[in-house]
Amino acid sequence: MERKIIMCGIAGILDSSLQSSAEKLQTDIINMTNTIVHRGPNGEGFWIDENVGIALGHRRIAINDFSSDGQQPVFFLDGCYVISFDGEIYNHKQLRISLENEGYRFRGNSAIEVALASIHKWGLEGAVSRFVGMFAFALWDIQKRQLHLVRDRLGEKPLYYGWVGERFLFASELKALHACSTFKADIDRNALALYLRHNCIPAPYSIYKGIYKLLPGSIITITSVQAGVYPEPHTYWSLRDVAETGNNNRFKGTDKEAIAQLDKLLKESVRYQMISDVPLGAFLSGGIDSSTIVALMQSQSNRPVKTFTIGLGESAYNEAENANAIARYLGTEHTELYLSPKDVMNVIPKLPILYDEPFADSSQIPTFLVAQLARQQVAVCLSGDGGDELFGGYNRHVWVPRIWNKIGWMPLSLRRGMARSLHKRSPAEWDGIFQRLQSVLPEKYKQRLPGDKLHKLASILDAINPQMMYYSLVSHWKDAGYIVKGAEEPLTIITDEQKWALLEEFSEQMMYLDISSYLPDDGLVKVERACMGVSLESRSPYLDHRVVEFAWQLPISMKIREGKSKWILRQVLYQYVPSKFIDRPKMGFGIPIDNWLRGPLREWAEELLSESRLREEGFFQTEPIRQKWQEHLSGKRNWQHHLWDVLMFEAWLDSNKV
């Protein structure tokens, strides 16, 4: 049997004071790993060296390895290293063969042995550069007394770290840091302002001062003699380098050749990620990204793939019918669940614990529920995450350059007047107008939720350049630094143009920023925590770095063509599914929070947004929040995103008093 270790939880302590006894270190590391038991219900382990003040802990889910080979932390044979590893190395068999040819011998079948031998043979950076997979791990170098923390290239697996007094702590989730007896940290108001802007907290920041997220594709090295020092993380794989290299070395082949190459790469990635000795399935929303993954899975499976989707009664948000049609065509074993407001209410109390820090992408709710649904039948699920970011799938990738070309010449005063006119009617009123005009509107103007789109258009009409249009579109509270009392928004990759890749097309610049920030800080967080919350492994075939590197070589004309997004991905999918199932407006994976806040969620929201509560806590300027709440209730405006940001912070605050 092929054996691997997958989807785990890790935690650790490095005490520079050397004042912690073995018993104290053991108590703390066990408490830390016990809080993330959902990440590893099949086993636990810890390793302690009191003499250097180090403790490594681990929780384990066994998917491909049910033997003792998979127990962690693990030593390398000659006592060089100890490792605690979370994730997958999909190409571990190929690496094992290479290492055996170099004279390495293995005691068991664990991929972790292969990881350690790779590090011994090629060095840490040389090894991780050869890994195809998703991972976050801690490596203790026994001889050099150095702790290395490593995160995968695209940020699929999480890793938090920071100094708390004379102890350096790290873990897969913030709740594990909370469980350490010495943990103490204040809320970072600057990070809170970033949260209100982006509905998540971008790396490297966290909600706590002095606690950080390791950036994707990075290694940070800590020694016990450097208490309080945060060395600069070292990048072993750079998305910027990949994007710029692709921009300067474009794919020279024909459309047909590009389609064939992408199909080949995606098939191989899917094949790697389908390896499992437990039931495996896929999330199927009915969109291009997930449908392509499911089609490639089914084309390589000798039995029906298990697929899962969530349905909603509100037709504007419901993709279940499309997913069902694609599932029937491909012959998958399909399961769907229709949600009610009660289902949503039952999930909301779990969100602060699930996500650890404020997180307000409202599609977190159906994501958790579809993960819960899938876990009843499978232990591993493949997802379509990354398809939008790599192949120009968001509306902004298509529309920002087009809108700027049409309005950029207009005087700013005229554009502001247009914005005021669009805002005079509520989104619901605009929806009604478009509904009445359905029979005479050209097909390209028939949009899902047109009122929201017109209000979003109004919000960017006063931009002075395309960059500001993008910044506006990825911002919720545009005055976040004012709304959070005493805050000053720190720079992020979005606001620091010196960190942008040098790319010719602004559509590609937006994709670069989305992959660098939105994907690891929002999209992947949403899926990873929802799945791990029910002990389900999620895998993302689009994020195989070889797929990513090829995607960046493709010219923009192969991604956006004739006003359509994801052109090349559509061509791959059309080989397996007729276009009639696919060519329809993008819907996304959302829920009607706007209506539910006025209905079944109103009482809950009113309590969290009460004026007395907000004033007493002292984090926010109260008046703007109360104004938006009243406007939302009246139906005059749709402030669901702004309000959900505040509500999720307040719910988190209730669950995480510091």
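Everything quoted here is computed from the prediction, not taken from an experiment.

Novice: Break down the overall build of the protein for me, citing the residues and quoting the values.
Specialist: Within the protein, the regular secondary structure consists of 27 helices and 17 strands. The principal-axis extents of the C-alpha atoms in the protein amount to approximately 75 × 60 × 45 Å. Across the 658 residues in the protein, those meeting the buried criterion constitute 63%. Sequence separation of at least 24 residues holds for 73% of the intrachain contacts in the protein that already meet a minimum separation of 6. Total accessible area on the protein is roughly 25,500 Å²; 49% of this is exposed by carbon and sulfur atoms.

Novice: So, the side chain of His-397: which residues are in play, and what are the values?
Specialist: With respect to the helices, strands and loops of the structure, His-397 is situated in helix H14 (residues 395-407). At 3.3 Å, the side chain of His-397 and the backbone nitrogen of Gly-393 are in polar contact. Polar side-chain contacts of His-397 include one of 2.7 Å to the side chain of Asp-514. When near neighbours in sequence (up to four residues on either side) are disregarded, His-397 contacts Asp-388, Gly-392, Ser-507, Met-510, Met-511, Asp-514 and Ile-560.

Novice: Explain the pairing of strand E14 (residues 306-312) to me, using residue names and the numbers behind them.
Specialist: The buried fraction of E14 amounts to 7 of the 7 residues, a majority that puts the element mostly inside the structure. For strand E13 (residues 280-283) and E14, the ladder comprises 3 bridges, and the chain directions are parallel. Paired with Ala-282 across the bridge in E14 is Thr-307. In terms of strand pairing, E14 meets strand E15 (residues 333-339) through 7 bridges, oriented parallel. Across the sheet, the residue bridging to Ile-310 is Leu-337, located in E15.

Novice: Residues and numbers for the environment of Asn-656, please.
Specialist: With respect to the secondary-structure elements, Asn-656 resides in the segment after helix H27 (640-655). With relative accessibility at 13%, the residue Asn-656 sits in the buried group. Between the C-alpha atoms of Asn-656 and Asn-199, which are 457 residues apart in sequence, the distance is 18 Å. When near neighbours in sequence (up to four residues on either side) are disregarded, Asn-656 contacts His-178, Tyr-208, Pro-352 and Asp-356.

Novice: Explain unusual backbone geometry to me, using residue names and the numbers behind them.
Specialist: Backbone torsion omega between Ala-203 and Pro-204 reads 10°, so that peptide bond is classified as cis. Mapped onto the fold, Pro-204 is located in the loop between helix H5 (189-198) and strand E10 (211-213). For Arg-145, which is not a glycine, the phi torsion comes out positive at approximately 55°. For Asp-356, which is not a glycine, the phi torsion comes out positive at approximately 70°. Mapped onto the elements of the fold, Asp-356 is located in the loop between helix H11 (351-355) and helix H12 (364-375). Residue classification places Asp-356 among the buried residues on the basis of a relative accessible area of 3%.

Novice: Summarise the packing of aromatic side chains; cite the residues concerned and give the values.
Specialist: A full pass over the atoms with the stated rule returns 20 aromatic pairs. Measuring from centroid to centroid gives 6.1 Å for Tyr-161 and Tyr-212, while their planes differ by 40°, and the two rings are tilted. In this pair, Tyr-161 is assigned in strand E8 (residues 160-164) and Tyr-212 in strand E10, connecting sequence segments 51 residues apart. Relative accessible area serves as the criterion here: at 27%, Tyr-212 is assigned to the partly exposed category.

Novice: Lay out the sheet that holds strand E17 (residues 537-539) with the relevant residues and their values.
Specialist: Pairing is parallel across the open sheet formed by 5 strands, whose spatial order is E15-E14-E13-E16-E17. Of all the strands in the sheet, just E15 and E17 have a single pairing partner and so form its edges. Adjacent strand axes in the sheet meet at a mean angle of 30° when their direction is disregarded. Against the sheet, helix H8 (residues 288-299) engages E13, E14 and strand E16 (380-382), with an angle of about 155° to E13.

Novice: Can you lay out the environment of Arg-602 for me, pointing to particular residues and giving the numbers?
Specialist: Here Arg-602 shows up in helix H24 (residues 602-608). Of the residues examined, Arg-602 reaches a relative accessible area of 40% and is grouped as partly exposed. A sequence separation of 31 residues divides Arg-602 from Leu-633, and the C-alpha atoms of the two residues are 8.7 Å apart. Discounting residues that sit within four places of it in the chain, Arg-602 has contacts with Trp-596, Leu-597, Trp-629 and Leu-633.

Novice: I'd love a proper account of the layout of surface pockets, names of residues and values included.
Specialist: If you add up the space inside the second largest pocket, you get close to 860 Å³. Leu-215, Pro-216, Ser-218, Ile-493 and Lys-499 are, among the 32 residues lining the second largest pocket, the residues nearest its centre. Mapped by element, the contributors of at least two residues to the lining of the second largest pocket are strand E11 (218-223), helix H6 (239-248) and helix H20 (506-532). Ranked by the residues each element gives to the lining of the second largest pocket, the list is headed by H20, at 6 residues. Taken together, the residues of the lining of the second largest pocket break down into 20 nonpolar, 7 polar and 5 charged.

Novice: Please set out the packing of helix H26 (residues 622-634) against H27 residue by residue, giving values where relevant.
Specialist: Axis angle and axis distance: for two packed helices, these are the angle between their axes and the distance between the axes, and together they describe the pair. For the pair H26 and H27, interaxial distance at closest approach is 10 Å and the crossing angle is 130°. Taken together, the axes of H26 and H27 are oblique relative to one another. Considering how the two elements wind past one another, H26 and H27 form a crossing that is left-handed. Between H26 and H27, the residues in contact are Ile-625, Lys-628, Trp-629 and His-632 and Gln-640, His-642, Leu-643 and Val-646, respectively. Classifying every residue of the contact of H26 with H27 by side-chain character gives 4 nonpolar, 3 polar and 1 charged.

Novice: Would you mind going over the nonpolar core in detail, with residue names and values included?
Specialist: Membership of the largest hydrophobic core comes to 113 residues, with the highest contact counts inside it found for Phe-137 and Trp-552. If you tally residues by element for this core, the top one is helix H3 (residues 111-130), at 9 residues. One finds Leu-25, Leu-192, Leu-351 and Leu-653 within the second-largest nonpolar core, a separate group that totals 88 residues.

Novice: So, the pairing of E8: which residues are in play, and what are the values?
Specialist: Burial of E8 is extensive: 5 of the 5 residues sit out of reach of the surface. Neither face of E8 is exposed, since Tyr-160, Gly-162 and Val-164 on one face and Tyr-161 and Trp-163 on the opposite face are all buried. Alignment of E8 against strand E9 (residues 167-171), held across 5 bridges, turns out to be antiparallel. Looking at the pairing, Gly-162 lines up with Leu-169 of E9. Where E8 folds back onto E9 in an antiparallel hairpin, the turn is made up of 2 residues, including Gly-165, whose phi is positive at roughly 65°.

About the thresholds
- Residues numbered from 1 in each chain as written.
- Predicted model: local features only at pLDDT ≥ 70, side-chain atom pairs only at ≥ 80, totals over all residues.
- Heavy atoms only, no water.
- Helix = DSSP H or I, 4+ residues; strand = E, 2+ residues; numbered from the N terminus.
- Buried < 20%, exposed > 50% of the residue type's maximum accessible area, 1.4 Å probe, protein only.
- Contact = heavy atoms within 4.5 Å.
- Areas by Shrake-Rupley, 256 points an atom, 1.4 Å probe, with all protein chains shown as cover.
- Polar contact = N/O pair within 3.5 Å; in protein donor to acceptor, adjacent residues only side chain to side chain.
- Pairing = 2+ DSSP bridges.
- Phe/Tyr/Trp six-rings, centres within 6.5 Å; stacked < 30°, edge-to-face > 60°.
- Axes fitted to C-alpha atoms, helices over the stretch in contact; angles between N-to-C directions.
- 1 Å grid on protein atoms, 1.4 Å probe; cavity = no way out; pocket = protein on both sides within 12 Å on 5 of 7 lines; lining within 4 Å.
- Points joined across faces, edges and corners; volume = space filled by probe spheres on them.
- Nonpolar A, V, L, I, M, F, W, Y, C, P; charged D, E, K, R; others polar.
- Parallel < 35°, antiparallel > 145°, perpendicular 65-115°, else oblique.
- Left-handed = near helix turned anticlockwise from the far one by under 90°.
- Core = buried A, V, L, I, M, F, W, Y, C linked by side-chain atoms within 4.5 Å.

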